[in-house]
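# Summary of the model geometry
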Amino acid sequence: MEDPNLLDDEALVRRTQNGDTQAFDVLWQKYSSRIYSLIYNMTSNHEDANDLLLEVFAKAYRSISGFRGRSSFYTWIHAIAVNMTINFVKKRGRRFQMSLDDLDSSVHNDKEFIELTASNTPTREVDLAELQQRLNEAMMKLSVEHRTVVTMFDIQGMPHAEIARILGVPEATVRSRLFYAHRQLQNYLEEFRKK
Amino acid sequence: MMLDEKQVQQLLKLKRFEQPPPGYFERTLEEFHRRQRAEILRRSALQIWFERLSSSFGNFRVPASAYAGAFGMFAVIATLLGTGIWTPDAANRNSSNGLTQTEISDSGLKLTSRGEIQLSRPETKFQKNFPTIQPSDASRPRYILDRQPVSYQPPVSF
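Every chain's residues receive numbers from 1 upward, in the order its sequence appears when written. Lettering for chains starts from A, numbering for ligands starts from 1, and both go in the order in which the items are written. Local features in a predicted model are, by the rule used here, given only for residues with pLDDT of at least 70; side-chain atom pairs are given and counted only at 80 or more, and totals for whole chains, interfaces and linings are based on all residues.

## Points about the overall build of chain A
Segments assigned H or I by DSSP are reported as helices when at least four residues long, segments assigned E as strands when at least two residues long, and all are numbered from the N terminus. When its secondary structure is counted, chain A shows nine helices and one strand. Reading chain A from its N terminus to its C terminus gives the helix and strand order α-α-α-α-β-α-α-α-α-α. For chain A, with 195 residues in total, the buried portion stands at 36%. Counting contacts in chain A only where the partners sit at least 6 residues apart, residues at least 24 apart contribute 66% of the total. With C-beta atoms placed from the backbone, a residue is buried if 20 or more other C-beta atoms are within 10 Å of its own, exposed if 12 or fewer are, and partly exposed between those counts. Here the contact rule is simple: place C-beta atoms from the backbone, and any two residues whose C-beta atoms are within 7 Å are in contact.

Right under this line is the structure:
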């Protein structure tokens, strides 16, 4: 029998539909970190992201028998994650506490980070932990719809077309939400600078 | 100095470096397996079957041939009715052969032993309680027939 790690998503989905749980484990290994990042950046809370990650994969596993491959597995599971997280965030409301993951130490070697902190910007004046806190607070001030597109585009690096497919909206909507969200983030971060 | 859009985007990219602790995804996969096993034990076979059925229906699409089939059925029925080969009345008469006189309560329909349907106006409860004004016989048009048929032949007495 072929090693599941060498199979593409389509074959892995087919095997899972036929009851091969190992094939689904491979899908987990491929996509769990991306789905976690999506949920984490929409919730700014590690524990919530952990619970939702498990729920998203549990739902995907239960529903995979009905998956007909009209979209890629990647798009399908991202759509599940986005819908579940938006529902969760709306239910949660404003009462929540941020619980942030640690910044990976490799950030100090990141070209863009070096460029950002070297320039004459507000980021030069704050330390890294404070910057992370401010950035997350600004993100949480966005509406969940705007935060979703910022997460997918700026943090996860997805193209507009893919985001539009996952959200089921026109590409123009994605672009306009991004434009508006960037403007709002500029304003929020400016407020921090004045504090 | 305010951050420009490019700087905001650069800042957002820093969030990629926010990572869960090492080994997190392996541990979470184990937790996923544990929950899956617990769920299978908790849920009955009927629930699992129902969930699979509902997820299948979620993806159900009407095949294109169904539209053609429905149109074909419509065309056949329309042709039969239009040409008078088959009418619902005829079908009802055929099915009521051999029955004695039957009255269908409230509807005012009466089925005779000859298979004919007689229609009499049923009196509703409302009419019993609140009699309404009906047009009198005088106002109805009358057609008076002579006792002797009209003839253009001259009377015998002449």
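The discussion continues.
## Some details on the overall build of chain B
The number of helices and strands found in chain B is six helices and four strands. When the helices and strands of chain B are listed from N to C terminus, the series reads α-β-α-α-α-α-β-β-β-α. Burial analysis of chain B (158 residues in total) assigns 6% to the buried set.

## Describing helix α3 (residues 46-63) of chain A
The span you would expect from a helix comes to 1.5 Å times its residue count less one. Its 18 residues give α3 of chain A an end-to-end C-alpha distance of 26 Å, which sits within 8% of 26 Å, the value for a rise of 1.5 Å per residue. Taken as a whole, α3 of chain A has its buried residues at H46, D48, A49, L52, L53, V56, F57 and A60 of chain A. Mapping the buried residues of α3 of chain A onto a view down its axis gives an arc of 155°, with all of them on the same face. On its buried side, α3 of chain A packs onto α2 (21-43) and α4 (73-92) of chain A together with α2 (24-42) of chain B. Note that the arc is defined by the directions from the helix axis to the C-beta atoms.

## Side note on the packing of α2 of chain A against α2 of chain B
Lines fitted to C-alpha atoms define the axes, with helix axes restricted to the stretch in contact, and inter-axis angles between N-to-C directions lie between 0 and 180 degrees. Interhelical geometry of α2 of chain A versus α2 of chain B gives an angle of 130° and a closest axis separation of 11 Å. Taken together, the axis directions place α2 of chain A and α2 of chain B in an arrangement best described as oblique. Our pair here, α2 of chain A against α2 of chain B, has a crossing hand that is right-handed. Along its contact with α2 of chain A, which presents D25, W28, S32 and S33 of chain A, the element α2 of chain B presents F25, T28, L29 and F32 of chain B. A per-class count over the contact of α2 of chain A with α2 of chain B returns four nonpolar, three polar and one charged. Each angle is binned into one of four classes, with values under 35 degrees roughly parallel, values over 145 roughly antiparallel, values of 65 to 115 roughly perpendicular, and all other values oblique. Handedness of a crossing is defined here by the sense of rotation of the near helix relative to the far one, left-handed for an anticlockwise turn of less than a right angle and right-handed for a clockwise turn. In this count, Pro and Cys sit with the nonpolar residues alongside Ala, Val, Leu, Ile, Met, Phe, Trp and Tyr, while Asp, Glu, Lys and Arg are called charged and the others, Gly among them, polar.

## Overview of the confidence of the model for chain B
Confidence of the predictor at the level of single residues is captured by pLDDT, which takes values from 0 to 100. With 51% of its residues at a pLDDT of 70 or more, chain B has an overall mean of 71. Scored as a complex, the prediction yields pTM 0.64 and ipTM 0.80.

## With respect to unusual backbone geometry
All names here are of chain A. A positive phi angle, close to 55°, is found at S44, a residue other than glycine. With respect to the element layout, S44 can be found in the loop between α2 and α3. Classification of S44 by C-beta neighbours within 10 Å gives buried; the count is 23.

## Description of the interface of chain A and chain B
Across the boundary between the two partners, chain A contributes 40 residues, which contact 30 residues of chain B. Listed by contribution, the elements that provide at least two residues to the side of chain A that touches chain B are α2, α3, α5 (111-118), α6 (128-141), α7 (144-155) and α9 (171-194) of chain A. Ranked by residues supplied to the side of chain A that touches chain B, first place goes to α3 of chain A with eight residues. Residue classes in the side of chain A that touches chain B are distributed as 17 nonpolar, 15 polar and eight charged. Being paired, for any two strands, means DSSP has found at least two bridges between them. In the sheet, strand β1 (residues 102-103) of chain A pairs with strand β1 (residues 18-19) of chain B via two bridges, with the strands oriented antiparallel. Bridge pairing in β1 of chain B places L103 of chain A opposite E18 of chain B.

## A look at α7 of chain A
Of all 12 residues making up α7 of chain A, nine are buried, and the element is well covered by its neighbours. Just past α7 of chain A, the residue G157 of chain A takes up positive phi, approximately 70°.

## A word on the nonpolar core
All names here are of chain A. The term nonpolar core means buried Ala, Val, Leu, Ile, Met, Phe, Trp, Tyr and Cys residues held together as one set by C-beta atoms within 7 Å. One finds L27, I35, I39, L53, V149, V150 and I163 to be the most contacted residues of the largest nonpolar core, which totals 53 residues. Among the elements that line this core, the one with the most residues is α2, at 12 residues. A domain assignment, automatic or from a database, supplies the domain bounds used here. Each of domain 1 (1-95) and domain 2 (106-195) accounts for three or more of the residues forming this core. Those residues in contact with V149 that sit more than four places away from it in its chain are I163, V174, R177, L178 and A181.

## Topic: the packing of α2 of chain A against α7 of chain A
To characterise two packed helices, one gives the angle between the axes of the helices and the distance between these axes. All names here are of chain A. Closest axis-to-axis distance for the α2/α7 pair is 9 Å, and the angle between their directions is 135°. With respect to α7, the element α2 is oriented oblique. Handedness of the α2/α7 crossing: right-handed. Packed against α2, whose contacting residues are S37, L38, N41 and M42, the element α7 presents V144, R147, T148, T151, M152 and I155 at the interface. Broken down by class, the residue content of the contact of α2 with α7 amounts to five nonpolar, four polar and one charged.

## Comments concerning the environment of S65 of chain A
Within the secondary structure layout, S65 of chain A lies in the loop between α3 and α4. By C-beta crowding, S65 of chain A is classed as partly exposed, having 16 other C-beta atoms within 10 Å. For the pair formed by S65 of chain A and R14 of chain A, sequence separation is 51 residues and the distance between their alpha carbons is 8.8 Å. Those residues in contact with S65 of chain A that sit more than four places away from it in its chain are Q17 of chain A together with R52, S55 and S56 of chain B.

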